[in-house]
Each structure stands twice: as C-alpha cells, then as structure tokens.
Amino acid sequence: MIAVKYIIIAVISYLLGSLNFSIILSRTMEKKDIRESGSGNAGATNMLRTYGKHFAVLTMIGDILKVALAILIAFIILDAPLEMFFKIAQSRETAATMIMYKEFAGFFCVLGHIFPLYFKFKGGKGVAACTGMVILVDWRIALILFVIFVITIAVSKMISLGSIIIAVLYPVLIGVFYQNTVLILIAVLFASIVIIAHRQNVKRIINGTENKLSGNKNK
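The present account deals with the structure reproduced in this document. (Residues numbered from 1 in each chain as written. Predicted model: local features only at pLDDT ≥ 70, side-chain atom pairs only at ≥ 80, totals over all residues. Heavy atoms only, no water.)

1. A look at the packing of helix α3 (residues 44–51) against helix α4 (residues 53–77)
Part 1 of the reasoning: Closest axis-to-axis distance for the α3/α4 pair is 7 Å, and the angle between their directions is 160°. In terms of orientation, α3 and α4 fall into the roughly antiparallel class. In this structure, the crossing between α3 and α4 has a hand that is right-handed. Within the contact between the two elements, α3 uses Ala44, Met47, Leu48 and Tyr51 and α4 uses Lys53, Phe55, Ala56, Thr59 and Met60.
Part 2 of the reasoning: The class makeup of the residues in the contact of α3 with α4 is 7 nonpolar, 1 polar and 1 charged. (Axes fitted to C-alpha atoms, helices over the stretch in contact; angles between N-to-C directions. Helix = DSSP H or I, 4+ residues; strand = E, 2+ residues; numbered from the N terminus. Parallel < 35°, antiparallel > 145°, perpendicular 65-115°, else oblique. Left-handed = near helix turned anticlockwise from the far one by under 90°. Contact = heavy atoms within 4.5 Å. Nonpolar A, V, L, I, M, F, W, Y, C, P; charged D, E, K, R; others polar.)

Pasting the structure below:
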C-alpha cells in the first residue's frame, strides 16, 4: 500500500511540475511562447530578459507554489503531520523523514518542470521549483542560499552562476545541519539535476561568453 502511495505522489507531483508558468504566462498574456524568445529557456530568467520583472516574479511565484502544493498533497497522502509542512522537527530522525517526504515530491515536481508533459517535454532548468522545495525543507538553508545567490549575482552579474553555486552548496548545508548520509545523497541528486540543466551555461561561463544582467531598466 505504501508503494502505491508513493507512485500516486510521483505522478501528481510530475503533473503539477509540468505546469510551467513561464510558458503559460507568455502564451496567455503575450500570445507568444517564451521558448521562442531570448535564450529559449522556459524559466524566470528568460522571462525577466524578455518581458520584464513583473512576468519574472509571477513565474517564480507560480513555480514555487506548485512545488508547495505537491509537497502538501504528499503529506496528506502519507498521513504526515501537517504542522511539519512549515516547521523543522526537533527530533533529527523525524526531521529527516519529513525532509525525505518533501524531497520525494519535490524531485518529481522538478522533473516535470524540466520535462513538462503538457509542453512537449521542453521546460525550464528547475531552479525556481528547487527553491520552493528548499524553503519548505529548511528555511535556514534557504535563507543562506538566497544571500549567497544575491551576492554572486551582484558580483558576477550572472544569474546562471548564482544558480549553479547554490545548487552545489545545497548538499553541503544539508550535511552541516543534519549529518544524514541519505539526505546528503538526495541533495546531491538535486544539485546534479540543476547543474546538468545548466550545462550550456557552464560552458559559456568557462568560455567567458555567458549572458550578464545589464543595467538597463526592465519593462
């Protein structure tokens, strides 16, 4: 029975993840597909460069909320205490269990975001979706990563570099806070997904040709 529950969670999370809000918003509000503009990526960064900050913020909110919904549904299906949806359990063992629930639903939601069923399996890079999961996993880790992300962008002007750096640091911080091998391995899996999705960005960063944020005022 527990295996069936996990299968149901995986399917629901994947379908929710497939709701790519950059594509939905660009099609409904601009009558264009964001994948045909800018970098061709279906994510908040391309929305920022193509349509401005308001569209980017809406995209971020939508992609974060869909992960939160997937995790909430997982908690309900697994009969997990709903107070642990936001809180961090005092018991390290309980905290590890709750994090695994969140990361299981989060993984399939991110998978849906990158390979959306509704949009010919061509989606975004999963950063916003991963952000939503990390916030619910441990707000302290999310806050640390956010500060590092902002500093990296302020110095380098490259959102992709900030995304890659916080992806690498996520399993490190999980290890620092929880000293749990399984949680660290799962976190490494998430980091790997984000880095693989950014493989072209990595090449451009190494070659010095990566796009940078300009000082121009967005729409």
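2. A word on helix α7 (residues 139–156)
The α-helix winds at 3.6 residues per turn, so residues separated by three or four positions along the chain end up facing the same way.
Part 1 of the reasoning: With 18 residues, α7 extends 25 Å between its outermost C-alpha atoms, agreeing within 8% with the 26 Å of an ideal straight helix rising 1.5 Å per residue.
Part 2 of the reasoning: Residues of α7 that are buried: Ile141, Ala142, Leu145, Phe149, Thr152, Ile153 and Ser156. Down the axis of α7, the sector holding all buried residues measures 95°, keeping them to one side. Among the exposed residues of α7, those oriented more than 90 degrees off its buried face are Trp139, Phe146 and Val155.
Part 3 of the reasoning: Where α7 is buried, its residues touch α6 (127–137) and α8 (159–178).
Part 4 of the reasoning: With its phi angle positive at about 65°, Lys157 sits one or two positions after the end of α7. (Expected span 1.5 Å × (residues − 1). Buried < 20%, exposed > 50% of the residue type's maximum accessible area, 1.4 Å probe, protein only. Arc of directions from axis to C-beta.)

3. As for the packing of aromatic side chains
Part 1 of the reasoning: Inspection of every chain in the model, using the stated rule, returns 9 aromatic pairs.
Part 2 of the reasoning: Ring centres of Phe85 and Phe86 lie 4.7 Å apart, and the angle between their planes is 80°; on these two criteria the pair is classed as edge-to-face.
Part 3 of the reasoning: Members of the aromatic cluster, joined through ring pairs, are Tyr6, Phe104, Phe107, Phe108 and Phe190. (Phe/Tyr/Trp six-rings, centres within 6.5 Å; stacked < 30°, edge-to-face > 60°.)

4. Some thoughts on empty space enclosed by the protein
Part 1 of the reasoning: Counted under the stated rule, the structure contains 1 cavity of 30 Å³ or more.
Part 2 of the reasoning: Approximately 40 Å³ is the volume attributed to the largest cavity.
Part 3 of the reasoning: Taken together, Met84, Lys87, Ile88, Ala89, Ala95, Met98, Ile99, Lys102, Val137 and Tyr178 make up the lining of the largest cavity.
Part 4 of the reasoning: Here the element with the most residues in the lining of the largest cavity is helix α5 (residues 92–114); it accounts for 4 residues.
Part 5 of the reasoning: Split into classes, the residues belonging to the lining of the largest cavity amount to 8 nonpolar, no polar and 2 charged. (1 Å grid on protein atoms, 1.4 Å probe; cavity = no way out; pocket = protein on both sides within 12 Å on 5 of 7 lines; lining within 4 Å. Points joined across faces, edges and corners; volume = space filled by probe spheres on them.)

5. Details of the side chain of Thr152
Part 1 of the reasoning: Within the element layout of this structure, Thr152 appears in helix α7.
Part 2 of the reasoning: One polar contact links the side chain of Thr152 to the main-chain carbonyl oxygen of Ile148, over a distance of 2.7 Å.
Part 3 of the reasoning: Ignoring any residue separated from it by four or fewer positions in sequence, one finds Thr152 in contact with Lys157, Leu161, Gly162 and Ile165. (Polar contact = N/O pair within 3.5 Å; in protein donor to acceptor, adjacent residues only side chain to side chain.)

6. Digging into the side chain of Ser18
Part 1 of the reasoning: By the element assignment, Ser18 lies in the loop between α1 (2–17) and α2 (21–29).
Part 2 of the reasoning: If near-sequence neighbours (up to four positions away) are discounted, Ser18 is found in contact with Gly112, His113, Phe115, Pro116, Leu117, Tyr118 and Phe119.

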